[in-house]
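One letter stands for each residue in the lines below.
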Amino acid sequence: MARRMTKRALLDRPAIAWAIAALWLSYLVAIPIGYMTVDSLTDDGLTFAAYVDFFEDPKLRTAMRNSLTVAAGVAVLSVLVGAPLAFGVVRTQMRGRSVVSAAMIVCLVSPDFLLAMAYIALAGPNAGYFNQALRTVFELKTESGPLNIFTLWGLVLTALPHGVSYVFLALVPALRNVDPALEEASRVQGAGPIETIRDVTLPLMRPALLSGALLAFSGSLAMYGPPHMLRLNVLTISIRESLVRLDFKAASAASMVLILMSLAALVLYRRSTRQAERFRTVGGKSFSERAGAEGRIAAAFTVLGVVYVLAVLVVPYGGMTVISLMKSVGMGFSAGNWSFDNYRAVFADPAVRKAATLSVSLAAATATLVTVMGFVVAYVVIRLKLRGRWLLDYMSIIPLAVPGTALAIALAVVYLNPPLNALGLYGGFGILFVAYLTRFITFGVRTSQSSLIQLSPEFEEASRVGGAGGLKTVALITLPMMRQALVYAWLLVFVLALPELSASIILKGIHTQTLSTVLLDIWNGNGGLAQACAFGMTMFASVGLLLLTAAAIAKRASGGLRIGT
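Small disclaimer: the values here were computed from a predicted structure and weren't measured.

So, about the packing of aromatic side chains. For the structure on display, the rule yields nine aromatic pairs. For the pair Phe429 and Phe433, a centre-to-centre distance of 6.0 Å together with 35 degrees between the ring planes defines the contact as tilted. Residue Phe429 and its partner Phe433 are both found in helix α19 (residues 429-454); the two are separated by four residues, about one turn of the helix. Pairing Tyr436 with Phe440 gives two aromatic rings, centres 6.3 Å apart and planes at 85 degrees, and the pair type is edge-to-face. A residue pair is termed a helical-turn pair when its members lie 3 or 4 positions apart in one helix, as Tyr436 and Phe440 do in helix α19 at four residues. Ring pairs connect the aromatic residues Tyr436, Phe440 and Phe443, which therefore count as one cluster.

Structural data, given as structure tokens:
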């Protein structure tokens, strides 16, 4: 009895929970990043040779410049497109507001390489259907163009839907928290609509606007699939090429440059989030929502919303669906060229079935552990008043700034060298599992944090006053109240992990192909465009179905869907 009481007392100590969270985050985040940093700076002693080589290599300098150009372009255009759409949804009576909102979430969780596939099929310089139509309509005497998706601007276009979603989802709640009376007061003082937006709305939206733009910037730096398909020289591609040449020093240096660029964006993001408190206009007093603008203004935003949804969802994925049903892409829209053979081929392929089993297993295991440990970390940060909890908070958000390609290099360096090479994880399921846990840990922690902040600690305090220990209080009070939020976190991580590509493409072994890497193989020539589209649409439908489930759970839990951090 005494032994059991001693064990229970130890488990009830907050320091135990802190230590578990710290060890877990150190293993996933601090060790690989730290190990890669040391590896890039040492070669029989401290040296900057790898970095000197990086900046002296014209191809790597071009890759860095291209990455920054694309990321900056996506960030700017995301603001120019996402801000008006958010304003239209919140401040006007535009039609289809729920459709636009849903499109933003679908774009955010859909694999970016699927959209790249669709745009290549539509705007490829030679066989793209848009180009074929334009050459026919305008009787152009050329077999190429006039559109060319295989450019940096094409990459910006491909990455834009993700960036617009970041800006939109940051701005919508911020706009809803601003009392419309402030804007009405400006109008009463004689200011026109443009002056009111410029002098009142935009200054209040500045933190959310900057946050969305910086997330778009960071996300564009990290993408791998679209530049691979468009055959463009960016840093993520250069990192993999260095690894293929077994040049780990070059890969480590390029990864560290990429991480530093992402971290710079993350630091600005965190600062902008803190500054948001200075722009709050919602206090203890509530305000009633007012009907938004109608008439021509609402009609203009409706047109904008329709064009956007057509451009990022209906046309590209509709085109992929059509192509996936063709027996032969070369025969075009001719009669008798339609079949479900491509879907049958995909489902009958043993490699696809094996990859599906592995990806589902990885996603399920990742979602489960990320949800459990995400709750532990969030509980330590939010509920336990211990020194150093801020360090856990920062460590949990760092993976958001580490591109999957760079993370994969870090794990390769760690698990190919002593002492962790003794674990034998490299090349198998284990290394992919560690990579997935690290990539998606942020989502588990942030979702639990958001839910814990909304729960008053009075319930737990009452339980403790009644004599219950810490673990019993968590089991009987906290976890049941967070049940729906935790289920939502599990589904969100599962949806994001299922099509993961950027880390998988580097860490996969001969027997550990995932759905995304198999799709890339089919795209690269093993199955052809039509079969790749059938595969892609199957993944898109699966992710969409899971997303609808997550949305339903989130709506029941909090009255609205919350994505990201």
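Judged by nonpolar contacts, the single largest core of 171 residues is most densely connected at Met117, Leu235, Leu507 and Phe535. For this core, the element with the highest residue contribution is helix α16 (residues 350-382), accounting for 15 residues. What Phe535 contacts, discounting residues up to four positions off in sequence, is Val346, Val352, Leu515, Val518, Leu519 and Ile522.

Note: most residues except glycine have negative phi, and most peptide bonds are trans. In this structure, the amide linkage connecting Pro418 to the following residue, Pro419, adopts the cis form with an omega of 5 degrees. Inspection of the secondary structure assignment puts Pro419 in the loop between α18 (404-415) and α19. In this structure, Arg231 is a non-glycine residue whose phi angle is positive, near 55 degrees. Taking relative accessible area as the criterion, Arg231 reaches 66% and is therefore assigned exposed.

Let's shift gears to a nonpolar patch on the surface. A contiguous nonpolar surface patch, about 450 Å² in accessible area, is contributed by Phe130, Leu147, Val306, Leu310, Val314 and Val315. In terms of residue count, the dominant contributor to the nonpolar patch is helix α14 (residues 295-324) (four residues). Structurally, the position occupied by Val306 is in helix α14. Accessibility expressed as a relative area gives 43% for Val306, which makes it partly exposed.

Taken as a whole, the chain shows an average pLDDT of 81; of its residues, 90% reach a score of 70 or greater. Confidence scores differ between elements of the chain, with helix α1 (residues 2-12) showing the lowest mean pLDDT of 49 and helix α4 (residues 58-91) the highest of 91. Below a pLDDT of 50 lies the segment residues 279-284, which in the model reaches 11 contacts outside its immediate sequence neighbourhood of four places, other chains included.

Attention now goes to helix α2 (residues 14-41). Taking 1.5 Å per residue, 28 residues should reach 40 Å; α2 reaches 38 Å between its end C-alpha atoms and fits that length. At Ser26, α2 shows its maximal bend, which comes to roughly 45 degrees. If you check which residues of α2 are buried, you get Ala21, Ala22, Trp24, Leu25, Leu28, Val29, Pro32, Ile33, Met36, Asp39 and Ser40.

Along the chain, Leu243 turns up in helix α12 (residues 235-244). Residue class for Leu243 comes out buried when judged on its relative accessible area of 10%. Sequence separation between Leu243 and Ala412 is 169 residues, and the spatial gap between their C-alpha atoms is 9.5 Å. Those residues in contact with Leu243 that lie beyond four places of it in its chain are Phe248, Ala251, Ile409 and Ile506.

It is worth spelling out the packing of α4 against helix α5 (residues 97-109) at this point. Relative orientation of the contacting elements α4 and α5 amounts to 140 degrees, with a least axis distance of 10 Å. When the axes of α4 and α5 are compared, the pair comes out oblique. Where α4 crosses over α5, the handedness of that crossing is left-handed. Note on element contacts: α5 touches α4 through Arg97, Val100, Ser101 and Met104, opposite Leu85, Gly88 and Val89.

Enumeration according to the criterion identifies four salt bridges in this entry. Note that Asp39 is salt-bridged to Lys249, the shortest N-O span being 3.4 Å. Here Asp39 is found in helix α2, whereas its partner Lys249 is found in helix α13 (residues 248-275), with 210 residues between them in sequence. For Lys249, a relative accessible area of 28% puts it in the partly exposed group. Residue Glu241 is joined to Lys59 by a salt bridge in which the shortest nitrogen-to-oxygen separation is 3.3 Å. Residue Glu241 is located in helix α12, and its partner Lys59 is located in helix α4; the two are separated by 182 residues in the primary sequence. Given the relative accessible area of 46%, Lys59 is considered partly exposed.

Thresholds, definitions, all that
Residues numbered from 1 in each chain as written. Predicted model: local features only at pLDDT ≥ 70, side-chain atom pairs only at ≥ 80, totals over all residues. Heavy atoms only, no water. Phe/Tyr/Trp six-rings, centres within 6.5 Å; stacked < 30°, edge-to-face > 60°. Helix = DSSP H or I, 4+ residues; strand = E, 2+ residues; numbered from the N terminus. Core = buried A, V, L, I, M, F, W, Y, C linked by side-chain atoms within 4.5 Å. Buried < 20%, exposed > 50% of the residue type's maximum accessible area, 1.4 Å probe, protein only. Contact = heavy atoms within 4.5 Å. Patch = residues over 30% accessible without salt bridge, like charges linked within 9 Å, V, L, I, M, F, W, Y side chains within 5 Å. Areas by Shrake-Rupley, 256 points an atom, 1.4 Å probe, with all protein chains shown as cover. Salt bridge = Lys/Arg side-chain N within 4 Å of Asp/Glu carboxyl O. pLDDT = per-residue confidence, 0-100. Expected span 1.5 Å × (residues − 1). Bend = angle between axes of the 7 residues up to and from the residue. Axes fitted to C-alpha atoms, helices over the stretch in contact; angles between N-to-C directions. Parallel < 35°, antiparallel > 145°, perpendicular 65-115°, else oblique. Left-handed = near helix turned anticlockwise from the far one by under 90°.

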